[in-house]
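The chain contents come next:
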Amino acid sequence: VNSRTPSGSPRMPRKLRRQTNHPPTEFVAVYNNPDSTNKGFIMDQERARIQEDLRGVIDGEVRCDDLFLQLYSSDASIYQIKPRAVIRPRHVQDVVATVQYASEHGIAVHARGAGSGLAGESLGSGLVIDFSHHMRRIIGFDGESVHVQPGVVYAHLNKYLGKHNRLFGPDP
């Protein structure tokens, strides 16, 4: 494992290092994670704090790098709002911990599914919780009602319900 940067200075794992070519509010977070391709991404202090705080509390992913946030700054609408962080919870406890953290720190929470909304409802400058990555299971069906996780896509739900001669229709 190479523990030095290309310039020869030692790399500091999971710490913030001041960069001289960026404004005073920006830092570079360096993570020695072998399966991460985002080493040395730009991150402001608040996003770095959110990432460090939540990574120690939840099992899911916490992403605060500029490129990733840019991907989540738009949906199928004409709007574009860059979030502070994107959370991909693995289970309900991750969602509870994220919402509790957001409440304690006065940060808005924005739920996101497939990002196919036409009114910008999954966008916001707070914490975006992406349910489509891990929480997309159909939990149960009793013949009349179906219990799903929030990341289930309509097409998958209707494929499942079609086996029972049922259909979940579109919203007006």
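Our subject is the structure listed above.
Definitions and cut-offs
- Residues numbered from 1 in each chain as written.
- Predicted model: local features only at pLDDT ≥ 70, side-chain atom pairs only at ≥ 80, totals over all residues.
- Heavy atoms only, no water.
- Salt bridge = Lys/Arg side-chain N within 4 Å of Asp/Glu carboxyl O.
- Helix = DSSP H or I, 4+ residues; strand = E, 2+ residues; numbered from the N terminus.
- Buried < 20%, exposed > 50% of the residue type's maximum accessible area, 1.4 Å probe, protein only.
- Pairing = 2+ DSSP bridges.
- Axes fitted to C-alpha atoms, helices over the stretch in contact; angles between N-to-C directions.
- Contact = heavy atoms within 4.5 Å.
- Polar contact = N/O pair within 3.5 Å; in protein donor to acceptor, adjacent residues only side chain to side chain.
- Expected span 1.5 Å × (residues − 1).
- Arc of directions from axis to C-beta.
- Phe/Tyr/Trp six-rings, centres within 6.5 Å; stacked < 30°, edge-to-face > 60°.

Asks: Help me understand the pattern of salt bridges, please; the structure alone is not making it clear to me.
Replies: Enumeration over the complete set of coordinates arrives at nine salt bridges. Among the ionic pairs, Asp130 bridges to Arg88, the shortest N-O distance being 3.5 Å. With Asp130 in strand β7 (residues 127-130) and Arg88 in strand β5 (residues 85-88), this residue pair connects regions lying 42 residues apart in the sequence. A relative accessible area of 13% places Arg88 in the buried class. The structure contains a network of salt bridges with shared partners spanning Asp44, Arg47, Asp66 and Lys82.

Asks: Looking at this structure, how should I read the sheet that holds β5?
Replies: One key point about sheets: their strands pair by backbone hydrogen bonds, in either a parallel or an antiparallel sense. Here four strands make up an open sheet; going across it, the order is β4-β5-β7-β6 and the pairing mixed. Two strands bound the open sheet, and with one partner strand each, they are β4 (61-63) and β6 (109-112). Within the sheet, the average angular offset between the axes of one strand and its neighbour, ignoring direction, is 20 degrees. One ladder, built from four bridges, connects β6 with β7; its direction is parallel. Paired with His110 across the two strands is Val128, which belongs to β7. Sheet strands in contact with helix α1 (residues 45-55) are β4, β5 and β7, and its direction is about 175 degrees off that of β4. Running at roughly 170 degrees to β7, helix α3 (residues 92-105) makes contact with β5, β6 and β7 of the sheet.

Asks: I'm lost on the pairing of β7 in this one. Help?
Replies: Along any regular strand the residues' side chains alternate between the sheet's two faces. Neither face of β7 is open: one carries Leu127 and Ile129, the other Val128 and Asp130, and all of them are buried. By the bridge criterion, three bridges tie β5 to β7 in an arrangement that is parallel. Within β7, the residue paired with Val86 across the bridge is Val128.

Asks: In this structure, what is going on with the side chain of Gln51? I would like to understand it.
Replies: Tracing the backbone through its elements, the reader meets Gln51 in helix α1. Of the polar contacts made by the side chain of Gln51, one reaches the backbone nitrogen of Cys64; its length is 3.3 Å.

Asks: Looking at this structure, I do not really get the side chain of Arg88. What am I missing?
Replies: Side-chain polar atoms of Arg88 contact the side chain of Tyr72, separated by 3.1 Å. There is a polar contact of 3.4 Å between the side chain of Arg88 and the side chain of His133. Beyond its immediate sequence surroundings of up to four residues, Arg88 is in contact with Gly60, Glu61, Phe68, Tyr72, Asp130, His133 and His134.

Asks: Where do I start with α3 in this structure?
Replies: Owing to its 3.6 residues per turn, the α-helix brings residues three or four apart onto one side. Relative to the 20 Å expected for 14 residues at 1.5 Å per residue, α3 spans 20 Å between its end C-alpha atoms, a close match to the ideal helical length. Taken together, the buried positions of α3 are occupied by Asp94, Val95, Ala97, Thr98, Tyr101 and Ala102. Viewed end-on, α3 has its buried residues packed into an arc of 165 degrees, placing them on one side of the element. Turned more than 90 degrees off the buried face of α3, the exposed positions are Val92, Gln93, Ser103 and Glu104. The inward-facing, buried residues of α3 contact α1, β5, β6 and β7. In the stretch just after α3, Gly106 is the one whose phi turns positive, near 65 degrees.

Asks: Mind showing me how you'd approach the environment of Ile107 here?
Replies: Tracing the backbone through its elements, the reader meets Ile107 in the loop between α3 and β6. For the pair Ile107 and Ser125, spaced 18 residues apart in sequence, the C-alpha separation works out to 8.6 Å. Residues in contact with Ile107, not counting those within four places in the same chain, are Ile50, Arg84, Tyr101, Ala102, Gly126 and Leu127.

Asks: How should the packing of aromatic side chains be read in this particular structure?
Replies: Two aromatic rings are characterised by how far apart their centres lie and by the angle between their planes. For the structure on display, the rule yields three aromatic pairs. Ring centres of Phe141 and Tyr160 lie 6.3 Å apart, and the angle between their planes is 85 degrees; this geometry places the pair in the edge-to-face category. Residue Phe141 is located in strand β8 (residues 138-141), and its partner Tyr160 is located in helix α4 (residues 154-162); the two are separated by 19 residues in the primary sequence. Their ring planes at 25 degrees and their centres at 5.6 Å tell us that Tyr154 and Phe168 sit as a pair that is stacked. Linking Tyr154 in helix α4 with Phe168 in the segment after α4, this pair joins segments that are 14 residues apart in sequence. Looking at Phe168, the relative accessible area reads 38%, which means it is partly exposed.

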